[in-house]
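Reading the structure
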Amino acid sequence: MPVLVIAAIVGALALSFAWAAGLVGGRTTTRTFLGDSLQHFEPGYRRAHGKGICFAGVFRSSNAAASLSTARVFAQDEVPAIGRFSIGSADPHAPDASTATVSMALLLSADDRSQWRMKLNNAPYFPTRDAEGFLAQRHAFEPDPTTGQPDPARVGAFFEKYPEARKAVEYKATAPWPSSFAQAQYNVINAFILLAADGTRQPVRWFMRPHAPFHGLSPEERARSSRDFLFDDIKKRVAQAPVRWDLVLQLAQAGDPVDDPSQPWPAERQQVVAGTLEVTSVRDQREGGCRDINFDPTLVPSGIALSNDPVLAARAGIYSHSYNARLREIAFGRATDAIGQQEHK
Amino acid sequence: MQDVPTTRTRSPRHFNLTARLLHWAMAIAIMAMLFIGVAMMSSLALRPVLIDVHQPLGIAILCLALVRLANRFCRPVPALPASIPRWQAVAAHLLHGLLYLLMVGLPVLGWAVRSAGNWPVILLGDWSLPALVPENPVLYAWLRLAHGALAWLLFAIILGHLGAALMHAWVLRDGVFSSMARGASDERAKAGSGSRPTS
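Residues numbered from 1 in each chain as written. Chains lettered and ligands numbered in written order. Predicted model: local features only at pLDDT ≥ 70, side-chain atom pairs only at ≥ 80, totals over all residues. Heavy atoms only, no water.

Focus: the UniProt feature "domain: Cytochrome b561 bacterial/Ni-hydrogenase" (unreviewed entry) in chain B
Sites flagged by UniProt as "domain: Cytochrome b561 bacterial/Ni-hydrogenase" (unreviewed entry) map to residues 14–183 of chain B. Overall, residues 14–183 of chain B shows 74% helix and 4% strand. The separation of its end C-alpha atoms is 6 Å. (UniProt positions renumbered as here; feature names shortened; annotations may be inferred. Helix = DSSP H or I, 4+ residues; strand = E, 2+ residues; numbered from the N terminus.)

Written out as structure tokens, the structure is:
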């Protein structure tokens, strides 16, 4: 009898460990978001936003945010910046006109060894209030194999559960397409908390406001556009002169939804220009530079804290799986094109 | 001091208080650490919190493991009872050696993983550790694989250790479990059983 009890104890521990790891129980884990792309994907490439270009530059602090946050980046005159522009398609070889989504990823390394990593999108907000909503949306809009169109019943059920997603879907249908990485505004989407020296906690979102004026791409221009027009454009621009964005902090007021990435704050909220990002060079992503960086938005310096936004927390684990998978492929020698090598089979 | 003085001088019946305290504190810490480790790779909501705990807790386990190793080599430890078959005694010694190795090795590996990936090892606030190895994606990938695989190995060994300990406590009742569970003062009433050195 005691032997059975012992077996039960050991078995229960093993089972709960497997559950915590997400191996049993079938709950939604960070792996669910990547599906079989962890195993089946072009080796060495990011599982999302695979097509990108590395950039390097400098962030010049304006000192205006130093009273809001003790983070060193807001006080240091020049902070080295490394980052990546990418398009929203998962396929690393997709044509640039395949998506209206463009992104900027950024790593600022201050002289106190602190790091600030971020991943910004030209979309102004997240479609749904939580990460599960992303899966629900993807599932609801999957084309029906017989009609080639999404099933209206499934789409309706999705909007019933996530009514906030309507505005993102409508926005996407009418939003202008970017004609240049340099002209896009990149938004952080998730909220964070600025921690001041006196202990004040200020909820914040930020965005990169381009110095270059925005020109949308008309449908005709899009149809005529070359496969890599965004990448060719940014190479040309940076070769001529540095390309700049202001890092603008948007400060929430009491009552603004801090933990819901689908709810943007009113445009009239106070803004603080924390500094200017100057992109001075771009380089093919296969040559490294940004290739092996996971732009995990939850790695923030002290002086900035995470909000309880559930999408922010979920991104950390999802990014980590993508990062581990592609670095493993590089280490195993399976990555070829992703690291600029000819395929040798 | 009444019970079997000859046995006590050669080999104590119980681990010393330091060893027992370290054993049970680390048992809790390591189990928590293993669960935190797998949960922070799967959880949608908890990864930022869990990884903030994972790093300082790992370094704490590393420090405690070093103190424990020093205590283990400087203080006499109880011998296994003579009733234990030779193969079991050998297996126990090998697995205990492996446990010590992993207690030290896993935190060091974790520290190296973070370094190779250019991630800071943050203990508290601004207080972070220097890089243990240079930044290198290939090194990162191998260290990360080893860290994960050896953590699962450690969990498996701990389950075996727990199962064996409970067998000694509830089935064999040969004093092996109480050597780590209690001090000598609780043991006065009990008669000493024969023991033999096993190493």
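Next, the rest of the story.
Let's talk about the state of the cysteines
Overall, the coordinates contain one disulfide over all chains when judged by the stated rule. The partner cysteine of C54 of chain A in its disulfide is C290 of chain A, sulfur to sulfur 2.1 Å. Because the sign of the S-S torsion sets the handedness, a value of about -75° for the bond joining C54 of chain A and C290 of chain A places this disulfide among the left-handed ones. Of this pair, C54 of chain A sits in strand β1 (residues 52–61) while C290 of chain A is found in the loop between β11 (271–284) and β12 (304–306), placing the two residues 236 residues apart along the sequence. When sorted by exposure, C54 of chain A lands in the same class as C290 of chain A, which is buried. C63 of chain B takes part in no disulfide bond, and the closest cysteine sulfur, belonging to C74 of chain B, lies 17 Å away. (Disulfide = S-S within 2.5 Å. Buried < 20%, exposed > 50% of the residue type's maximum accessible area, 1.4 Å probe, protein only.)

Details of the environment of R334 of chain A
Residue and element names in this part refer to chain A. Mapping R334 onto the fold places it in the segment after α7 (310–331). In this structure the C-alpha to C-alpha distance between R334 and R224, which are 110 residues apart in sequence, comes to 36 Å. When sequence neighbours within four positions are dropped, the list of residues in contact with R334 reads P43 and E329. (Contact = heavy atoms within 4.5 Å.)

Quick look at the UniProt feature "transmembrane region" (unreviewed entry) in chain B
All names here are of chain B. The UniProt record annotates "transmembrane region" (unreviewed entry) at residues 21–41, 53–70, 90–113 and 149–172. Segment residues 53–70 splits into 100% helix and 0% strand. End C-alpha atoms: 26 Å apart. For residues 90–113, helix accounts for 100% and strand for 0%, while the C-alpha atoms at its two ends are 33 Å apart.

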